[in-house]
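Geometric and topological summary
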Amino acid sequence: MAASVVTEYGPREQPALAAIGMVLVAERHARRGVGRRLMRHVVAAMGTTPLTLHATPFGQPLYEELGFKVIGRAEMLRGHFVPTGAQQVATRAATAEDLPALLRLDEEVFGADRTHVVTRLPAFADQLRVAEEDGRIIGYAAAWPNMDTHVVGPLIARDTATAKALLASLAAHTDRPLRTDIDVRHEELLRWAKEHGLASIAFNAVMTYGITELPGDWNRRFAPVTVAAG
Ligand SMILES: CC(C)(COP(=O)(O)OP(=O)(O)OC[C@H]1O[C@@H](n2cnc3c(N)ncnc32)[C@H](O)[C@@H]1OP(=O)(O)O)[C@@H](O)C(=O)NCCC(=O)NCCS
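Throughout, a residue's number is its position along its own chain's written sequence, starting from 1. Under the rules for a predicted model, residues below a pLDDT of 70 receive no local features and side-chain atom pairs below 80 are neither given nor counted, while totals for whole chains, interfaces and linings still include all residues. With hydrogens and water stripped out, all remaining heavy atoms of the structure feed into the side-chain values.

1. Some thoughts on the domain arrangement of the chain
A common way to report how large an interface is uses the accessible area buried once the components associate. Entries for the chain in the domain assignment read domain 1 (2-75) and domain 2 (76-201). Facing ten residues of domain 1, the contacting portion of domain 2 comprises 16 residues. The junction of domain 1 with domain 2 conceals about 930 Å² of combined surface from both sides, 56% of it contributed by carbon and sulfur atoms. Of all residues in domain 1, the largest losses of buried area upon contact with domain 2 belong to Tyr9, Arg73 and Glu75, amounting jointly to 67% of the total for that side. Basic side-chain nitrogens of Lys or Arg form a salt bridge, by our definition, when they fall within 4 Å of a carboxyl oxygen of Asp or Glu. The interface formed by domain 1 and domain 2 includes one salt bridge. Close ionic contact of Lys194 with Glu75 constitutes a salt bridge, the shortest N to O distance being 3.0 Å. The helix and strand labels rest on DSSP assignments: H or I over at least four residues marks a helix, E over at least two residues marks a strand, and numbering proceeds from the N terminus. Residue assignment for the side of domain 1 that touches domain 2 shows that the elements contributing at least two residues are β1 (2-9) and β4 (69-79). For the side of domain 1 that touches domain 2, the class distribution of residues is four nonpolar, three polar and three charged. Residue ranges for the domains originate in an automatic or database domain assignment. Throughout, a contact is declared for two residues whenever any of their heavy atoms are within 4.5 Å. Buried area, as used here, totals the accessible surface that two parts lose on assembly, with accessibility defined by a 1.4 Å probe and the loss added over both. When residue character is reported, Ala, Val, Leu, Ile, Met, Phe, Trp, Tyr, Cys and Pro are called nonpolar, Asp, Glu, Lys and Arg charged, and the others, Gly included, polar.

Shown next as structure tokens:
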């Protein structure tokens, strides 16, 4: 009747960060303190590990009550991507040989080791693509199926032009609408995505507990692996 998923990143003995997702309480049990009890349990069980989550307006008051702080916002987009012209950056499907380079780039940008998630992307996602320049990987992105959409994430790219090329190339290989959560600081990518058929459906708060900022490089981190639940 209630669920949440906690994903730890970094060293197993002392994780650098844990992401909380899919906080859900069955409708028929709502508003009876189940969500509060579940979240208190998660916070206590995680000890000193810094926490982060994307909160919908429904979840935000509860997380604030538990001590989480809003440190940023993400805009949820959904829709059929309408291509216009060619992209400037070359992309291709990832291969097994790309994995070491992909893991290095991911850790640098995310700020913690998430090998256990990235190595499972080929099984979990329908598409995993890389952007390349002079034989070097400068970005990567995955699209995985969720209900009737393909969720785009993670989306990691050296710059906005690279992020655009990856998003357009994922769209070119699916008939489903895309869904993604883009950090609002990436204004140019958001504007461009909306010009290409994606519509804003929600704003979610990026919240943390135990740290005031997320590790890594937000400039190159465009979308997380998962989107907020609802
Ligand atoms: C958000 C959610 C997890 C809350 O679970 P819950 O068991 O109903 O929550 P609780 O009864 O423990 O309430 C905790 C507090 O959250 C807030 N809250 C919960 N539901 C709310 C609602 N529908 N409207 C406004 N505030 C709400 C209130 O501040 C509440 O405290 P109060 O009842 O003392 O006023 C649940 O409604 C849910 O699964 N929603 C859909 C998915 C979602 O939005 N997840 C959160 C995003 S990560």
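2. Considerations on the site of the ligand
Here, proximity means that at least one heavy atom of the residue falls within 4 Å of the molecule or strand. Surrounding the ligand, one finds 17 residues, the nearest of these being Val25, Arg31, Gly33, Gly35 and Arg36. Any N or O atom pair separated by 3.5 Å or less is treated as a polar contact, with the protein-specific requirement of one donor-capable and one acceptor-capable atom, and with residues adjacent in sequence counted only for side-chain atom pairs. At 3.5 Å, a backbone N or O of Val34 approaches an oxygen atom of the ligand. Take Thr56: an N or O atom from its side chain is 2.9 Å from an oxygen atom of the ligand. Burial of the ligand by the surrounding chains reaches 75%, relative to a free accessible area of 910 Å². When residues of the shell around the ligand are traced back to their parent elements, those giving at least two are β2 (17-25), α1 (34-45) and α2 (60-65). All accessible-area figures derive from a Shrake-Rupley calculation using a 1.4 Å probe, and residue coverage is judged against the displayed protein chains alone.

3. Re the UniProt feature "domain: N-acetyltransferase" (unreviewed entry) in the chain
UniProt positions are given in the numbering used here, feature names are shortened, and annotations may be inferred rather than shown by experiment. The UniProt record marks residues 1-106 with the feature "domain: N-acetyltransferase" (unreviewed entry), using the residue numbering of this structure. Taken as a whole, residues 1-106 contains 25% helix and 35% strand, while its terminal C-alpha atoms sit 35 Å from one another.

4. Some thoughts on the pairing of strand β10 (residues 199-209)
Successive side chains on a regular strand alternate, one facing one side of the sheet and the next facing the other. Whether two strands pair comes down to DSSP finding at least two bridges between them. Here strand β3 (residues 51-55) runs beside β10; their pairing, made up of five bridges, is antiparallel. Residue pairing in the sheet places His54 in a bridge with Val206 of β10. As judged from the nine bridges shared by β4 and β10, these two strands associate in the antiparallel manner. Within the sheet, the bridge partner assigned to Lys69 lies in β10 and is Thr208.

5. Overview of the pattern of salt bridges
In total, this model carries twelve salt bridges according to the counting rule given. Between Glu65 and Arg36 there is a salt bridge, with its nearest N and O atoms 2.5 Å apart. On the criterion of sequence distance, the pair formed by Glu65 in helix α2 and Arg36 in helix α1 is long-range, its members being 29 residues apart. Residue exposure (1.4 Å probe, protein chains only): buried if accessible area is under 20% of the type maximum, exposed if over 50%, otherwise partly exposed. With relative accessibility at 43%, the residue Glu65 sits in the partly exposed group. Residue class for Arg36 comes out partly exposed when judged on its relative accessible area of 35%. Where salt bridges share partners, they join Arg92, Asp98 and Glu132 into one cluster.

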